[in-house]
Amino acid sequence: MLTLGSYVVSNFAISGVGYYTADSETTQRFHEMNVMWNTLNLGLAVPGYLKAKRNNANFDWSEMQRKQRKTERIFLINSALDIGYMATGVYMRNDAVNRGDRQALFEGYGNSLLLQGGFLFVFDLAAYGIHRTHYNQKFEKLQNRVAIQPQGTGFIVALRLD
């Protein structure tokens with residue numbers, strides 16, 4: 001979420017200046033959409049960061065595994081949505097010539113959707129990869145080393161040290 005938040009802040013700065021210094025309406029619309037898009041990204045980054053920062057809950061193995069799979073699935077679904085954003089950007093750019101006085105808007109917004117969708121696609125796939133790798137390297141190895149067995153009114157925890 002820090003990566004997404006940093007991207008948002010840099011987009012606000014660059015496109016904020018770009019909007020007011022643009023030499024064409026298409027460029028101005030590009031920066032306008034970047035600011036709008038990153039307002040939405042900010043709405044995802046801040047709560048996501050705060051949730052991760054205060055998340056100190058203790059879960060059992062099955063709950064941790066369920067949450068891990070859910071997180072991975074979210075990033076994969078988001079990656080598919082990102083392809084949709086980029087496709088919409090291509091459509092808007094290609095259809096701009098048919099939009100008359102809204103041509104600059106369609107070109108600028110289309111270019112922005114390509115940029116934002118492209119970044120989010122890379123971001124979501126990288127986040128998926130990081131989570132998946134972490135799971136494969138840490139969780140499965142730990143799970144294979146720890147055994148919890150019931151014993152009377154309690155339980156025994158066995159830890160393999162090899």
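A. Local environment of helix α1 (residues 2-21). When the terminal C-alpha atoms of α1 are compared, their 28 Å separation across 20 residues agrees well with the 28 Å that a helix rising 1.5 Å per residue should span. Among the residues of α1, those classed as buried are Leu4, Gly5, Tyr7, Val8, Asn11, Ser15 and Gly18. Relative to the axis of α1, the buried residues are bounded by an arc of 160° and lie together on one face. Exposed and oriented more than 90 degrees from the buried face of α1 are Leu2, Val9, Ile14, Val17, Tyr20 and Thr21.

B. Main features of the pattern of salt bridges. Taken as a whole and judged by the stated rule, the model has seven salt bridges. Measuring nitrogen to oxygen at the nearest pair gives 2.8 Å for the salt bridge that ties Glu63 to Arg66. You can see Glu63 and its partner Arg66 sitting in helix α3 (residues 61-95), three residues apart, about one turn around the helix. With its nearest N and O atoms 3.7 Å apart, the salt bridge here joins Glu72 to Arg69.

C. Broad picture of the nonpolar core. Leu4, Trp37 and Met92 are the most contacted members of the largest nonpolar core, which totals 13 residues. Elements with a contribution of two residues or more to this core: α2 (25-54), α3 and α4 (103-145). Element by element, the count of residues in this core is highest for α4, at six residues.

D. Representation of a positive patch on the surface in the model. Judged by side-chain charge, Lys51, Arg54, Lys70 and Arg73 come together as a positively charged surface patch. Only α2 and α3 provide two or more residues apiece to the positive patch. With respect to the helices and strands, Lys51 occurs in helix α2. Under the relative-accessibility criterion, Lys51 is labelled exposed at 57%.

E. Structural detail: the environment of Gly5. Along the chain, Gly5 falls in helix α1. Counting along the chain gives 37 residues from Gly5 to Leu42, while the straight-line C-alpha distance between them is 6.3 Å.

F. Region of the structure containing α2. Here α2 contains 30 residues, and its C-alpha end-to-end distance of 44 Å stays within 8% of the 44 Å for a straight helix at 1.5 Å per residue. Here α2 has its buried residues at Thr26, Arg29, His31, Met33, Asn34, Trp37, Asn38, Asn41 and Ala45.

What counts, and at which threshold
- Residues numbered from 1 in each chain as written.
- Predicted model: local features only at pLDDT ≥ 70, side-chain atom pairs only at ≥ 80, totals over all residues.
- Heavy atoms only, no water.
- Helix = DSSP H or I, 4+ residues; strand = E, 2+ residues; numbered from the N terminus.
- Expected span 1.5 Å × (residues − 1).
- Buried < 20%, exposed > 50% of the residue type's maximum accessible area, 1.4 Å probe, protein only.
- Arc of directions from axis to C-beta.
- Salt bridge = Lys/Arg side-chain N within 4 Å of Asp/Glu carboxyl O.
- Core = buried A, V, L, I, M, F, W, Y, C linked by side-chain atoms within 4.5 Å.
- Patch = residues over 30% accessible without salt bridge, like charges linked within 9 Å, V, L, I, M, F, W, Y side chains within 5 Å.
- Areas by Shrake-Rupley, 256 points an atom, 1.4 Å probe, with all protein chains shown as cover.
- Lys, Arg positive; Asp, Glu negative; His and termini not counted.
- Charge placed at Lys NZ, Arg CZ, Asp CG, Glu CD.

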